[in-house]
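Observations on chain architecture
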Amino acid sequence: MLTKRIIPCLDIKDGRTVKGINFENIKDAGDPVELAINYCQAGADELVFLDITATNDKRKTLTELVKKIALHINIPFTVGGGISSSEDVRALLNSGADKVSVNTAAYNNPTLITELAKQFGSQCIVLAIDTKKVDGNWYVYLNGGKVKTTTMALDWAIEGVQRGAGEILLTSMNNDGTKDGFAIEITGEISKAVNVPVIASGGAGITEHFKEVFELGCADAALAASVFHYGEIEIKALKKYLKKNNIHVRI
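Keep in mind that this is a model prediction, so the values were computed, not measured.

1. Things to note about the overall build of the protein chain
Each helix and strand counted, the protein chain has ten helices and twelve strands in total. Computed over C-alpha atoms, the radius of gyration of the protein chain comes to 16 Å, within 12% of the 18 Å expected from 2.2 N^0.38 for 251 residues, which places it in the range of a compact globule. Along the three orthogonal principal directions, the C-alpha set of the protein chain runs to about 45 × 40 × 35 Å. Counting only residues that meet the buried cut, the protein chain has 57% of its 251 residues in that class. Taking the contacts inside the protein chain whose residues are at least 6 apart along the sequence as the reference set, 66% of them involve residues at least 24 apart. Of the accessible surface of the protein chain, which amounts to about 10,900 Å², a share of 49% is contributed by carbon and sulfur atoms. Charged side chains of the protein chain number 28 positive and 30 negative; the gap between the two group centres comes to 2 Å.

2. Observations concerning helix H7 (residues 184-193)
Those residues of H7 that sit buried are Ile186, Thr187, Gly188, Ile190 and Ser191. At its buried positions, H7 is contacted by strand S8 (137-142), helix H6 (153-163), strand S10 (167-172), strand S11 (198-201) and helix H8 (207-215).

3. Quick notes on the packing of aromatic side chains
One pair of aromatic rings is described through two measures. These are the centre distance and the angle between the planes. Under the defined criterion, the tally for this structure stands at five aromatic pairs. An angle of 75 degrees between the planes, with centres 5.6 Å apart, marks the rings of Phe182 and Phe210 as edge-to-face. Here Phe210 lies in helix H8 and Phe182 lies in the loop between S10 and H7, a separation of 28 residues in the sequence. The same class applies to Phe182 as to Phe210, namely buried. Above the plane of the ring of Tyr139 lies Lys148, whose end atom (NZ or CZ) is 3.8 Å from the centre.

4. Considerations on the pattern of salt bridges
Within the structure shown, the criterion is met by eleven salt bridges. Two residues, Glu46 and Arg5, come together in a salt bridge whose shortest N-O distance is 2.7 Å. In this pair, Glu46 sits in the loop between helix H1 (32-42) and strand S4 (47-51) while Arg5 sits in strand S1 (residues 5-13), placing the two residues 41 residues apart along the sequence. Comparing Glu46 with Arg5 shows no difference in burial state: the two are buried. Lys133 is paired through a salt bridge with Glu185; the nearest N and O atoms lie 3.2 Å apart. Within this pair, whereas Lys133 is found in strand S7 (residues 125-134), its partner Glu185 is found in helix H7, the two being separated by 52 residues in sequence. Connected through shared salt-bridge partners, Arg5, Glu46, Lys99 and Glu167 make up one network.

5. Structural notes on the nonpolar core
Residues Ile69, Phe210 and Phe228 are the most contacted members of the largest nonpolar core, which totals 70 residues. If you tally residues by element for this core, the top one is H1, at six residues. Counting residues in hydrophobic clusters, the runner-up holds ten residues, among them Ile7, Leu50, Val126 and Ala128.

Rules used throughout
- Residues numbered from 1 in each chain as written.
- Predicted model: local features only at pLDDT ≥ 70, side-chain atom pairs only at ≥ 80, totals over all residues.
- Heavy atoms only, no water.
- Helix = DSSP H or I, 4+ residues; strand = E, 2+ residues; numbered from the N terminus.
- Rg over C-alpha atoms; globule rule 2.2 N^0.38 Å.
- Buried < 20%, exposed > 50% of the residue type's maximum accessible area, 1.4 Å probe, protein only.
- Contact = heavy atoms within 4.5 Å.
- Areas by Shrake-Rupley, 256 points an atom, 1.4 Å probe, with all protein chains shown as cover.
- Lys, Arg positive; Asp, Glu negative; His and termini not counted.
- Charge placed at Lys NZ, Arg CZ, Asp CG, Glu CD.
- Phe/Tyr/Trp six-rings, centres within 6.5 Å; stacked < 30°, edge-to-face > 60°.
- Lys NZ or Arg CZ within 6 Å of the ring centre and 35° of its normal.
- Salt bridge = Lys/Arg side-chain N within 4 Å of Asp/Glu carboxyl O.
- Core = buried A, V, L, I, M, F, W, Y, C linked by side-chain atoms within 4.5 Å.

What follows is the structure, given as structure tokens:
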């Protein structure tokens, strides 16, 4: 049985780690390099770095900051934000990223997923999907959650995998920052519909939420930010709890 992964997320704005609620009310959460080092030492399985304003600011991801973080960690490192070409991907991989996360640009130009998968391998391409439940349906949102589409998250996840994405990073905007638990329903639907790993994101508040998303949501990994940034959940303690509850994790 594959081990479930615990992944802290560094949302970056103006070179600092930030965190909000429902993609709004952004607050400072610390120095990204220090946090990355701490998470590596604390037993995180991977690290995700998202430059959350790159797309709206119409600029590229902060490669110098990526280099600084990569120098200090020895766990898989996924980077996203403003990625729209193979040149962007190559620059980030050369800066120390192991995987890249594509979102808005991939939706606007789905062939980008195929092109990147062919050049760099599917294992390197993570399709990030920001989704929000409106009138009973989970829709895809773009540009850091600011632009609603008419596409269902499940349909886009299936298409993205068919086009070559090797992993799905699914963030529920309804749950983001609420600490009320992950979006079990849509996570489970997508996890069962695709044959690649699904990372659940948005809503972690207590250790039981991680257990739920692994057991009921069938997620392969769970990503969280504020509960880790502010020391509300300690990664080693979380993994011990999961192992005690018969969920396979790397201790």
